[in-house]
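# Structural characterization, general
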Amino acid sequence: MALTLEQLNAASLPDAVALLDGVYEHSPWIAEAALAQRPFRSLAHLKHAMVRVLAQAGVDKQLALIRAHPELAGRAAVSQQLTAESTNEQSRAGLTDCSPEEFARIQQLNAEYNARFGFPFILAVRGPRGLGLPRSEIIDTFARRLGNPPQFEREEALRNIHRIAEIRLNDKFGYQPTLGNDVWDWHERLARHSDPGYAEQGQLTVTYLTDAHRACAQHISHWMRESGFDEVEIDAVGNVVGRYRPAAGDGKYLMTGSHYDTVRNGGKYDGRLGIFVPMAAVRELHRQGRRLPFGIEVVAFSEEEGQRYKATFLGSGALTGHFDTAWLEQRDADGITMRQAMQHAGLCVQDIPKLKRDPARYLGFVEVHIEQGPVLAELDLPLGVVTSINGCARYVCEMTGMASHAGTTPMDRRRDAALGVAELALYMEQRALQDSGCVATMGMLAVPSGSINVVPGRCAFSMDMRAPTDAQRDALVADVLARLRAIAQRRGLQYTAELAMQASAAPSDPVWQRRWESAVQAVGAPLYRLPSGAGHDAMKLHELMPQAMLFVRGLHSGISHNPLESTTSDDMQLAVDAFSHLLGQLAAEMA
């Protein structure tokens, strides 16, 4: 029979500790200390109470807990000396069925890992969905984490221990994150579509209006219809728009959503989480036969990443009336113009101006997004409320010098385009460090038609500069462009610098931010506020209506724009619960 919070809250301390036996390996002191925080309002509240105990326990106790865990497929497993919980986890991940080659590789990794760190490798082998990781992924993760710095790896081991504890608590309480599992499954199914050249390598890349992109749009529109949206359409820029009507026909709408395109070889959750979380919430309203005083418009934005063309926020920009028709003549790497791509996809270019939304018909815009950073992961927090989105400017550039023989051209006679760009890259790093919150990145750097024995005559590069305020961004950009001019002049080079995108900083609307804060607290998660260094569709909608965002913790120290990008179905469930609470809160305010 499943444990309940009521039982745990009412039990004596010894009985309550016994009820939580096995959650943390051979460490009942964690449960005992956490129980001082009773009564627990939710399972999330209990989980975080235990997380805080371990965070405050000190390094010695943390290491003792790590060392209390058995090796994966190690001696304890072979001799059947694992706890029942560990036996269940290792068997569900197939570690009890290793081939001789897999077993030998794991033993080798165990030895190397212990020699490097002095404690066993810890991995939540049941994985982010709770079903068990493939052995190949376990072995790959083992090998990858061998390269981590010792302190980081200790913290990563603790994060995995907390995930193990979370799954064990779910088992004790008979809890399944059902909606989170559904959101997880939508992501997995959508990730089957990837552009040619990447799909064959098992990599996820979905750029604007490719076959994979259009397949994603069709799947999203199909799932929206299945979820009970009253109207679903693919608009003139490829956005998938689902509307769930208000109780009264003249009610306003709450807009939400995010993008479904990806960076090249990216992750499954960037953008897409903000589509599927509200979709799950709308589906629940439909199942319950509930209508709210306002409608819900979920927009799966067709383009945000700027991967195929030199333009970003095509989807959300069209809704704010900022789609530049000059973009239509841009060409991709294959020479296909954006206009041609849109016509091939069956989109009506002439209708783009009609997509601009009337802010009088909307209450605001909210967005759910994976954090794309390490803050929530390092604090072991599932959710975070965004205070503002940093302003950004992106440039596509080229430096031109003179190609010449690498052996016969003296060093003081060279016009080396690549060295000029390298000098600029180092300056960007130095300048960004001088102003708190600023970042500067040269993410693309190439010598077209370069040869090993030729002084580079051309160098193509990009610049991405971001800051918490527009004033900081503009000062950073001005200084970097001034240094670019100075470097070019001193080295005898020419350059071009084309502004590809500029977005203003977008502070969260105070009222909407407070609604997210109330929603986070209502689901039992601790309240934490943080800014967003990444750009989001919300910063475009900010130009038209009030906006606020909710972040969801990422695994692997929050890495994003990377195949390792991930989150758990438990955190997805909390995001759906928080979103649903925000809807209920808004409905109550309007009653």
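Figured I'd write up the structure that's included with this text. (Residues numbered from 1 in each chain as written. Predicted model: local features only at pLDDT ≥ 70, side-chain atom pairs only at ≥ 80, totals over all residues. Heavy atoms only, no water.)

A word on the packing of helix α8 (residues 100-117) against helix α9 (residues 135-145). At a closest axis distance of 10 Å, the pairing of α8 and α9 adopts a crossing angle of 25°. Put simply, α8 runs roughly parallel to α9. Of the two possible hands of crossing, α8 and α9 adopt the one that is left-handed. Across the interface between the two elements, E102, R105, I106, L109, N110, Y113 and F117 from α8 touch R135, I139, F142, A143 and R145 from α9. Its residues placed into classes, the contact of α8 with α9 shows seven nonpolar, one polar and four charged. (Axes fitted to C-alpha atoms, helices over the stretch in contact; angles between N-to-C directions. Helix = DSSP H or I, 4+ residues; strand = E, 2+ residues; numbered from the N terminus. Parallel < 35°, antiparallel > 145°, perpendicular 65-115°, else oblique. Left-handed = near helix turned anticlockwise from the far one by under 90°. Contact = heavy atoms within 4.5 Å. Nonpolar A, V, L, I, M, F, W, Y, C, P; charged D, E, K, R; others polar.)

All right, on to the packing of helix α5 (residues 59-67) against helix α10 (residues 150-172) then. The geometry of α5 relative to α10 is characterised by a closest axis approach of 10 Å and an angle of 60° between their N-to-C directions. In terms of orientation, α5 lies oblique with respect to α10. Regarding α5 and α10, the two cross each other, and that crossing is left-handed. When α5 is examined against α10, the residues V59, Q62, L63, L65 and I66 are found in contact with a partner set consisting of R154, A157, L158 and I161.

Here we come to the side chain of D235. For D235, the location among the structural elements is in the loop between β1 (231-234) and β2 (240-244). In this structure D235 is buried but unpaired, with R357 as the nearest side chain of opposite charge at 5.0 Å. (Buried < 20%, exposed > 50% of the residue type's maximum accessible area, 1.4 Å probe, protein only. Lys, Arg positive; Asp, Glu negative; His and termini not counted. Salt bridge = Lys/Arg side-chain N within 4 Å of Asp/Glu carboxyl O.)

Attention now goes to helix α18 (residues 470-491). If you check α18, its first and last C-alpha atoms are 31 Å apart, about what 22 residues at 1.5 Å a residue would give, namely 32 Å. For α18, the set of buried residues is Q472, R473, L476, V477, V480, L481, L484, I487 and A488. Buried residues of α18 fall within an arc of 155° about the axis and therefore sit on the same side. When the buried face of α18 is taken as reference, the exposed residues oriented beyond 90 degrees from it are A471, Q489 and R490. Of the residues one or two after α18, G492 is the one with positive phi, at around 70°. (Expected span 1.5 Å × (residues − 1). Arc of directions from axis to C-beta.)

Turning our eyes to something else, we now look at the pattern of salt bridges. The final tally for this structure, using the stated rule, is 38 salt bridges. Here R129 and D185 are joined by a salt bridge, their closest N and O atoms 3.0 Å apart. Of this pair, R129 sits in the loop between α8 and α9 while D185 sits in helix α11 (residues 178-190), and the two are 56 residues apart along the sequence. On the accessibility criterion, D185 (27% relative accessible area) is partly exposed. Of the charged contacts, one joins E297 and R243 as a salt bridge, the two residues approaching to 2.9 Å between their closest N and O atoms.

Within strand β3 (residues 253-259), seven of the seven residues are buried, which leaves the element mostly enclosed by the surrounding structure. Neither face of β3 is left uncovered, since the one carrying Y253, M255, G257 and H259 and the one carrying L254, T256 and S258 both have all their residues buried. Looking at chain direction, β3 and strand β4 (residues 295-301) are connected through seven bridges and run parallel. Across the sheet, M255 pairs through a bridge with E297, a residue of β4. As a crossover connection, the stretch from β3 through helix α13 (residues 273-288) into β4 is right-handed. Summarising the sheet, β3 and strand β5 (residues 362-370) pair through four bridges and their orientation is parallel. From the neighbouring strand, Y253 faces β5, where its bridge partner is Y362. (Pairing = 2+ DSSP bridges. Right-handed = clockwise from strand over helix to strand, strands pointing away.)

Mapped onto the fold, E305 is located in the loop between β4 and α14 (314-319). The exposure class assigned to E305 is buried, which follows from its relative accessible area of 6%. Spatially, the C-alpha atoms of E305 and L179 are 28 Å apart, while their sequence positions differ by 126 residues. Residues in contact with E305, not counting those within four places in the same chain, are H259, D261, T262, V263, D270, T312, R394 and H561.

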